[in-house]
Amino acid sequence: MAKKIYDVIVIGTGAGGGMAIKTLCEAGLKVCALNAGRRLDPEKDFRYHRMPWDMKFRGLDDPKRRGESFGYMDNEYTKAAWDHEIPFTVAPGTKWMWPRCNAVGGKTNFWGRSSARFGDIDLRAASLDGYDVDWPLSYDEIDPFYTRVEKMIGVASTVQNRPSNPDGSYLPPFKFRCLDFILQAGCNKVGVPYLPDRCAQLTQPHEGHPACHFCGECTTGCDIGAFFSTPYFLLPKAEATKNLELRTNALAKNVLVDENGQASGVAYIDRQTKQEVEVYGRAVVVAASCIESARVMLNSKSRQWPHGIANSSGQLGRNLCDHLYGESARGYLPQLLGQPSFPDHVGDSTIAWMPRWQNLKAPHEEKFIRGYSVYPDGGCEEFPGFATDMDGFGSSLKREIKRRYPSPVSFGIQAPSLRSETNYMDLDPEVKDPYGIPVARMHFEWDENVLKMWEHSKQVCAEVLRAAGGELEGSGEAPEIPGWSLHETGTCRMGNDPKKFVTNRFGQTHDVPNLYVCDASVFLNCTDKTTTISILAFSLRTSERLIENFRQGEHRAA
């Protein structure tokens, strides 16, 4: 029996994979998508309006397993969606957290939704400050892809005319809360921007999807699809073409090659039968997320590629970057003490942000290069976290907690690490996962530049809070550990020189022309912005390049 050959095999169904799958299927290509986990059922796998008292462990999970949870989204409500079977290791001295949602749609099921574009100041950062290299494309080249993505998924914000944050096509923004107006006034006094965030959450019906109805706790899953995720926005359109075969519980093991070293398919582990299966295609798209994509490619060793497929540069797995997250300041606003409770935690979204304001006029105005952004938050949340730090007991304590309930505020930094020779992932030579595949080993530490940003943010946010009339109560003792942000980048960087970069400027690997990468691993570094909307825009661009290569005959349709 002749083996079936697809036009394209896509590994992963998250932001990058989902965009590739939709774009390729709508172009008429036959696609086989491999996903390491199962499809989710929102009613069972999302929070689905369940309250803490509905849960056996009040949403915090069994204390015996709580230490195994990765990050704030991996909790009792969604524990079945996060992968705990595939281990990873860390080199001596490294701390790393690796939250992985291997369900269909990946982390887009639970992401934070902040969606600012990279700007020219990001893509040409090396020319401005002399560190590392520029991206191999200009902002004008990626601009139209951002616009198409914004119209596709719906992003709520405003036109802001700032040099670090190009404007786009937006739905109406989320309305500011009382605390936002107070903090905005403080920012105005200090000279720091305080603006509506770019949020991929629907403030009005959009493209057949309903508007958010502010039930809250979105990062544990939206049961109506009022924010972008691939299972709600992309995969149904791909499946409607009849050109998609989606194989679930299919853990990619390695990319197969032909006698010339070109990609011929993918070997994967069926996690239900524990058997290895091979699937064949004319081209392969790796979109398993930054670290997992590099793991799959490093494990793809052959006679032609003894150090991993498309790794003649030796850069596969190198140049790992991440966002430093941490609580820059916390306190409360006395103006709001005793005010009526209000659902300030609207949509569990980043309503406002303080976009990069550092080093805009010149690259070395501060003691660090480049810049960071801050997400302010506060008000009435589900649980008054400040209560655990209050003294007292009985009815007087309850009255004081209620009086303080509308008033807490906090500031969270999002700061990019710089590319470093010492930050990378490789394969652990001794540890394998339950299927016999070598696991990822992490080598990482925060650089001096990003730690200076962290200290700077604590000073500025404290100043903002005081200028707003607030009371400063402290800040995080240390940043969150690396990996916490879920924004790792850089293990398959794009560039024009095959000796220094894994992929070309279109995400096509230099060594293997029918092998493409569609996730944040192709990014040269982090910026002060989140990564998902850029993954979508770059994946759309790469997918259309792949389609054009089929039309031009570089790849032969099956």
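Every chain's residues receive numbers from 1 upward, in the order its sequence appears when written. Owing to the predicted nature of the model, reporting of local features is limited to residues with pLDDT of at least 70; listing and counting of side-chain atom pairs is limited to 80 or more, with chain, interface and lining totals taken over all residues. For side-chain calculations, the full set of non-hydrogen atoms in the structure is used, while hydrogens and water are omitted.

A. Focus on the overall build of the protein chain. A tally of helices and strands in the protein chain yields 13 helices and 16 strands. On C-alpha atoms alone, the protein chain measures out to a radius of gyration of 23 Å, which is about the 24 Å that the 2.2 N^0.38 rule sets for 558 residues. For the C-alpha atoms alone, the extent of the protein chain along its principal axes is close to 75 × 55 × 50 Å. Only protein chains enter the accessibility calculation, which uses a 1.4 Å probe. A residue is then buried if its area is under 20% of the maximum for its type, exposed if over 50%, and partly exposed in between. For the protein chain, the proportion of its 558 residues judged to be buried stands at 61%. By the convention used here, residues are in contact when the closest approach between their heavy atoms is within 4.5 Å. By sequence separation, contacts in the protein chain at least 24 residues apart represent 73% of the contacts at least 6 residues apart. Numbered from the N terminus, helices here are DSSP runs of H or I no shorter than four residues, and strands are runs of E no shorter than two. Our radius of gyration is a C-alpha quantity, and the globule rule it is checked against amounts to 2.2 Å times the number of residues to the power 0.38.

B. Main features of unusual backbone geometry. Residues other than glycine seldom take positive phi values, yet Lys 274 does so here, at roughly 65°. Relative to the helices and strands, Lys 274 is located in the loop between strand S7 (263–270) and strand S8 (275–286). Phi is positive for Asn 319, close to 65°, though the residue is something other than glycine. Take Asn 319: it is sitting in the loop between helix H10 (290–298) and strand S9 (323–332). A relative accessible area of 4% means that Asn 319 is categorised as buried.

C. Quick peek at the environment of Lys 458. Within the fold, Lys 458 resides in helix H12 (residues 448–467). A relative accessible area of 18% places Lys 458 in the buried class. For the pair Lys 458 and Glu 327, spaced 131 residues apart in the sequence, the C-alpha separation amounts to 8.2 Å.

D. Here's a closer look at the sheet that holds strand S13 (residues 424–432). Taken in spatial order, the three strands make up an open sheet running S3-S14-S13, and their pairing is mixed. Here the strands that pair on one side only, and so sit at the sheet edges, are strand S3 (89–90) and S13. Sheet topology note: the S3/strand S14 (residues 438–443) ladder contains two bridges and is parallel. Bridge assignment links Thr 89 to a residue of S14, and that residue is Arg 441. Should DSSP find at least two bridges between two strands, the strands are regarded as paired.

E. Examining the packing of helix H7 (residues 178–190) against H12 more closely. Angles here are taken between N-to-C directions and fall from 0 to 180 degrees, while the axes themselves are lines fitted to C-alpha atoms, restricted in helices to the stretch in contact. Between H7 and H12, the least distance of the axes is 7 Å, while the angle of their chain directions is 115°. Note that H7 runs across H12; the crossing there is right-handed. Every residue of H12 that contacts H7 at Leu 183, Gly 186, Cys 187, Lys 189 and Val 190 is listed here: Glu 463, Val 464, Leu 465 and Ala 467. Residues are grouped as follows: nonpolar covers Ala, Val, Leu, Ile, Met, Phe, Trp, Tyr, Cys and Pro; charged covers Asp, Glu, Lys and Arg; every other residue, Gly included, is treated as polar. The class makeup of the residues in the contact of H7 with H12 is six nonpolar, one polar and two charged. Less than a right angle of anticlockwise turn of the near helix away from the far helix marks a crossing as left-handed, whereas a clockwise turn marks it as right-handed.

F. Expanded view of the sheet that holds S9. Taken in spatial order, the four strands of this open sheet run S11-S12-S9-S15, and their pairing is antiparallel. Only two strands of the sheet have a single neighbouring strand rather than two, namely strand S11 (373–378) and strand S15 (471–474). Ignoring which end each strand starts from, the neighbouring axes of this sheet average 30° apart. Pairing analysis gives three bridges linking S9 to S15, with the strands arranged antiparallel. Looking at S15, one finds that Arg 330 is bridged to Gly 474. Here H12 sits on the sheet in contact with S9, S11, strand S12 (408–416) and S15, set at roughly 20° to S9.

G. Spatial organisation of the pattern of salt bridges. Salt bridges are counted wherever a side-chain nitrogen of Lys or Arg sits within 4 Å of a carboxyl oxygen of Asp or Glu. For the structure shown, the criterion picks out 34 salt bridges. With a closest N to O distance of 3.2 Å, Asp 377 and Arg 177 form a salt bridge. On the criterion of sequence distance, the pair formed by Asp 377 in strand S11 and Arg 177 in the loop between helix H6 (139–153) and H7 is long-range, its members being 200 residues apart.

H. Up close: the packing of helix H1 (residues 15–26) against helix H13 (residues 532–551). It is at 8 Å that the axes of H1 and H13 come closest, and there the two elements cross at 35°. The hand of the H1/H13 crossing is right-handed. For the pair formed by H1 and H13, the contact residues are Ala 15, Gly 16, Met 19, Ala 20, Thr 23 and Leu 24 on the first element and Thr 532, Ile 535, Leu 536, Ser 539, Leu 540, Ser 543, Glu 544, Leu 546 and Ile 547 on the second. Among the residues making up the contact of H1 with H13, the classes are represented as nine nonpolar, five polar and one charged.

I. Structural detail: the side chain of His 487. Tracing the chain through its elements places His 487 in the loop between S15 and strand S16 (515–517). Among the polar contacts made by the side chain of His 487, one reaches the side chain of His 323 at a distance of 2.8 Å. Contacts described as polar in this section are N or O atom pairs within 3.5 Å, which, within protein, must combine one atom able to donate a hydrogen with one able to accept it, while residues neighboring in sequence count only if both atoms come from side chains.

J. Fine view of the packing of aromatic side chains. Only centres within 6.5 Å qualify two rings of Phe, Tyr or Trp (six-membered ring in Trp) as a pair; their planes then separate them into stacked at under 30 degrees, edge-to-face at over 60, and tilted for everything else. If you walk through the whole model with that rule in mind, you get 18 aromatic pairs. Connected via pairs of aromatic rings, a cluster forms that spans Phe 118, Trp 135, Phe 523 and Phe 538. The ring of Trp 98 carries Arg 100 above its face, with NZ or CZ at 4.1 Å from the centroid. Consider the ring centre and the ring normal. A charge sits over the ring if Lys NZ or Arg CZ is within 6 Å of that centre and within 35 degrees of that normal.

K. Fine view of the pairing of strand S1 (residues 5–11). Burial within S1 is extensive, with six of its seven residues counted as buried. The sheet contact formed by S1 and S8 spans six bridges and is parallel. Note on S8: the bridge partner recorded for Ile 11 is Val 286. Pairing geometry for S1 and strand S2 (residues 31–34), over four bridges, is parallel. In the sheet register, Ile 9 faces S2, and the bridge partner there is Cys 32. When the strands point away from the viewer and the connection leading from the first strand across the helix to the second strand turns clockwise, the crossover is called right-handed. The parallel pair S1 and S2 is bridged by H1, and the resulting crossover is right-handed.

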